[in-house]
Structure formats: structure tokens, C-alpha cells
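Here is what each chain is made of, one letter per residue.
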Amino acid sequence: MPTLNAQLSRRIDETVAPLIAGRSERICIIDPPGYANVGDSAIFLGELAFLRRNFPDARIDFFDTANYTPACDRFIEESSIILLQGGGNFGEIWPRHHAIRMAILERFPGKPIVQFPQSISFTTQAGIDATARAIERQGNFTLLVRDRNSQAFAEKHFPCATILCPDMAFALGDLARAPASLDFLCLLRRDKEVVTDHSRLLQVLSELGGSLDVADWIEAPDSQLGRKDRALARTWRRFPWTIGLTRSFAFRLRERYARERLAFGLGLLSRGSVVITDRLHAHVLCCLLGVRHLLFDSLDGKVSALYEAWTKNTANARLVSSVDQVAGLVHELR
């Protein structure tokens, strides 16, 4: 019987490939990560793994929040389909990323656009209404969502096809882990999505005994690849005539940077015999690595929603609703 990871990767192929078939000659991905967050790099690399597995002859370009200007539009117009980066930024929690999504919807009416699986989170009716209007005017938009809450929300508010699909990082399939060097590795958010009492969590873990380290993966050592990527983005904005000459190089550079970030994240997670995290993609990558882990929710509930939709039957993960459960669940995992 196929593993859960293999089942989810196959589900992605079966769901997404028909949306791209016949339109794969020139693909433009909008807003892949040029920043240090490992989870977004895992999504991007999962998208590339999916595309190369199903459409090996496709030519792939990209534009993002750092390098996009209206001068990019003629290159995007050449694409046979536009694919919007997956993740957890559809809505108002991360407005910069939603803004470029809105711009693409408005600037390319009628062109096939597929949104890779996202979690949806809005805080205002005005934001919902503006997004619905942009989708309706665009007229050829398919929205993939990675949890049932987002699916129900989209079906209620947005005039487009909405399809439930696993997170694209699962398209990476099983990954090899390095040997553990710690009893507990805590990979914990430090941004506005935090809801867990981290100080209380660390106190409970320290009382259990064993070696412990705390980290996050948005902070990273200086990267030569990252510096080159950012410099090229500045060049495109200042000298738009260079875009056509350097598109292929820019894509290779962006992919290499994503692989550097993913390798960093996999090494970090592999350190823990047990990982404790409130990052969605730490959960996804722990599933792919076979690392035992405890999982806390995030502010908008996207972590628990993905767990309930796809991964609640994995033997290696437990969703935690209270720090008081941690000690018992650690013993259960062990």
C-alpha cells in the first residue's frame, strides 16, 4: 500500500495536471519566494517537482513582489498559463503577496490562471469583496485550496472553480533525514501568527529532561545566492530591458536559492529525535522525513485545518491543543 506521502503526491498529480494539460508550453509562476522562509521554498520546489514530472518540456519563468513592474507584463502575456505561488497568504494577513495576486488578476483578463493550493484568511468584508470582483472580472481563474475551511469560504464568496488539493510541498515525496543529535528540537514562529505560549512550552520540555534547542527558519546566515537574486531583481526594476536577456539565469538562481533554504530546513528538523513546532511546513517536512513531532496551531487555524484534511492519520504527528498535553504526547510518540 502506498505511504501517506506517496498518496498525497499522487493526489496532487491527479488534481492539478488536468488544469495545466494543453497549456504547458510556457508557464509563468507568480511570486515564488526570494526570501529565507524554508516553508515557502519547499512549496516552490514541490511545484517544480510536480511540473517536471508531468510537463517535462515546459519552459518556466517567474516574477514576484521584488522584481515585478508593468514592464514584465509583455513576458507574462507570452505565457500559455499563469500559476500563482501556493502557501498561506491568500487574503489580508500578508497583504504584499495578495497585492501582486490581485494585480495579475486585473492585468490579464481571460488568460488561464491557476492558484496553487492556498489557505485563505480575510479580516474585512472589503477585502473579500475586492478579491471577488477581481476574480469575476478576470473570468478564467481556478482556485486550489489546501483545507476544507478555505474551500467552504471560497465556495461561498468567490465566483470561480474551487478545488481541494494537498499542499504542493507534498509533491516532493519521501525525503531522507540525517541522524538526530537532540532529544527535542523546537522550531517555533516569532511573527504575528504565533498563538502558543512558548515560554510555558519550554518549561514543560525542560522538566522532561534531555537535550533541547530552539530555532526558527526565517533567520539565516548570509547567502551569496540570496544576494545575487536580490541584486538581479533590482536590476530588472531599474533596467527593464535586461529582463529578456536574463530570465533563464534568474530562474536557475531562484531555484538554487530555494534548494539552499530547503537543505537548511531539513538539516534543522533532522536534529530532533522529537520536533515541536507551530509552523505548517515544519509539519509537512517532518511527515516527508519521517520525523516524530508535536504540532501546535497558528493564528488563523491553517495548521490544524491542513492536519485535519490530509495528515491526521500519520503515525509520526500529534496535534496539540494545550501545552498541558505535551508531556503525555511526547511519551506516546516515543
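Note that the coordinates shown come from a computational prediction; the quantities given were computed from them, not determined experimentally.

### Points about the sheet that holds strand 12 (residues 317–319)
Turning to step 1, where the next piece is worked out: In space, the five strands of this open sheet follow the order 9-8-10-11-12, with parallel pairing throughout. Lying at the two open borders of the sheet, with one neighbouring strand each, are strand 9 (212–215) and strand 12. Strand-to-strand twist of the sheet, defined as the mean angle between neighbouring strand axes without regard to direction, takes the value 15 degrees.
Turning to step 2, where the next piece is worked out: Strands strand 11 (292–295) and strand 12 of the sheet are contacted by helix 11 (residues 302–311), whose axis makes an angle of about 125 degrees with strand 12.
Turning to step 3, where the next piece is worked out: Sheet contacts for helix 12 (residues 326–333): strand 8 (182–187), strand 10 (272–277), strand 11 and strand 12; angle to strand 11, the most-contacted strand, approximately 155 degrees.

### A few points about the nonpolar core
The nonpolar side chains of a soluble globular protein tend to be buried, and buried together.
Turning to step 1, where the next piece is worked out: Within the largest apolar cluster, 91 residues are counted, with the highest numbers of intra-cluster contacts made by Phe50, Phe63, Ile76, Ile104 and Phe158.
Turning to step 2, where the next piece is worked out: Discounting chain neighbours no more than four positions away, the residues touching Ile76 are Cys28, Ile30, Phe63, Tyr68, Ile82, Ile104, Phe108 and Lys111.
Turning to step 3, where the next piece is worked out: Leu188, Leu205, Ile276 and Phe296 belong to the second-largest nonpolar core, a separate cluster that totals 16 residues.

### Here's the deal with the pairing of strand 4 (residues 87–91)
Turning to step 1, where the next piece is worked out: Burial within strand 4 is extensive, with five of its five residues counted as buried.
Turning to step 2, where the next piece is worked out: Note on the crossover from strand 4 through helix 4 (residues 95–107) to strand 5 (residues 113–121): the handedness is right-handed.

### With respect to unusual backbone geometry
Turning to step 1, where the next piece is worked out: With a phi close to 75 degrees, Asp31 is a non-glycine residue in the positive phi region.
Turning to step 2, where the next piece is worked out: Take Asp31: it is sitting in the loop between strand 1 (26–30) and helix 2 (38–54).
Turning to step 3, where the next piece is worked out: Judged by its relative accessible area of 6%, Asp31 falls in the buried class.

### Some points on the pattern of salt bridges
Turning to step 1, where the next piece is worked out: Under the defined criterion, the tally for this structure stands at 19 salt bridges.
Turning to step 2, where the next piece is worked out: Across the salt bridge formed by Arg59 and Asp61, the nearest N and O atoms sit 3.9 Å from each other.
Turning to step 3, where the next piece is worked out: The class of Asp61 is buried, set by a relative accessible area of 7%.
Turning to step 4, where the next piece is worked out: In this structure, Lys312 engages Glu308 in a salt bridge whose closest nitrogen and oxygen atoms are separated by 3.7 Å.
Turning to step 5, where the next piece is worked out: Salt bridges sharing partners connect three or more residues here, namely Arg26, Arg59, Asp61, Glu78 and Arg247.

### Section: a nonpolar patch on the surface
Turning to step 1, where the next piece is worked out: Side chains of Phe239, Trp241 and Leu245 sit close together on the surface and give an oily, nonpolar patch of about 400 Å² of accessible area.
Turning to step 2, where the next piece is worked out: Mapped onto the fold, Trp241 is located in the loop between helix 8 (224–238) and helix 9 (243–270).

### Topic: the side chain of Asn5
Turning to step 1, where the next piece is worked out: By the element assignment, Asn5 lies in helix 1 (residues 4–20).
Turning to step 2, where the next piece is worked out: Residue classification places Asn5 among the buried positions, given a relative accessible area of 7%.
Turning to step 3, where the next piece is worked out: At a separation of 2.7 Å, a polar atom in the side chain of Asn5 contacts the side chain of Asp174.
Turning to step 4, where the next piece is worked out: Engagement of the side chain of Asn5 in a polar contact is seen with the backbone oxygen of Cys287, the distance being 3.0 Å.
Turning to step 5, where the next piece is worked out: Setting aside chain neighbours within four positions, we find Asn5 in contact with Phe170, Asp174, Cys287 and Leu288.

Parameters at a glance
- Note that residues are indexed from 1 along each chain, following the sequence as it is written.
- Local features in a predicted model are, by the rule used here, given only for residues with pLDDT of at least 70; side-chain atom pairs are given and counted only at 80 or more, and totals for whole chains, interfaces and linings are based on all residues.
- Based on all heavy atoms of the structure, the side-chain values leave hydrogens and waters out of the count.
- Only strands that DSSP links by at least two bridges are regarded as paired with each other.
- Helix and strand assignments come from DSSP, with helices taken as H or I runs of at least 4 residues and strands as E runs of at least 2, each series counted from the N terminus.
- Each axis is a line fitted through C-alpha atoms, and for a helix only the stretch in contact is used; angles between axes span 0 to 180 degrees, taken between their N-to-C directions.
- Whether two residues touch is decided by their heavy atoms; if any such pair falls within 4.5 Å, the residues are in contact.
- In plain words, nonpolar cores are sets of buried Ala, Val, Leu, Ile, Met, Phe, Trp, Tyr and Cys residues tied together by side-chain atoms within 4.5 Å.
- Three labels apply to residues, based on accessible area from a 1.4 Å probe with only protein chains included: buried if under 20% of the type maximum, exposed if over 50%, partly exposed otherwise in between.
- Crossover handedness is defined by viewing with both strands directed away from the observer: a clockwise path from the first strand over the helix to the second marks the crossover as right-handed.
- Each salt bridge in this description consists of a side-chain nitrogen of Lys or Arg and a carboxyl oxygen of Asp or Glu lying within 4 Å of one another.
- Think of a patch as exposed residues, more than 30% relative accessible area, with no salt bridge, where like charges cluster within 9 Å and nonpolar side chains (Val, Leu, Ile, Met, Phe, Trp, Tyr) cluster within 5 Å.
- In this description, accessible areas are obtained by the Shrake-Rupley approach with a 1.4 Å probe, and a residue is regarded as covered only by the protein chains that are shown.
- Polar contacts, as counted here, are pairs of nitrogen or oxygen atoms within 3.5 Å of one another; within protein the pair requires one atom able to donate a hydrogen and one able to accept it, and residues that are adjacent in sequence qualify only if both atoms are side-chain atoms.

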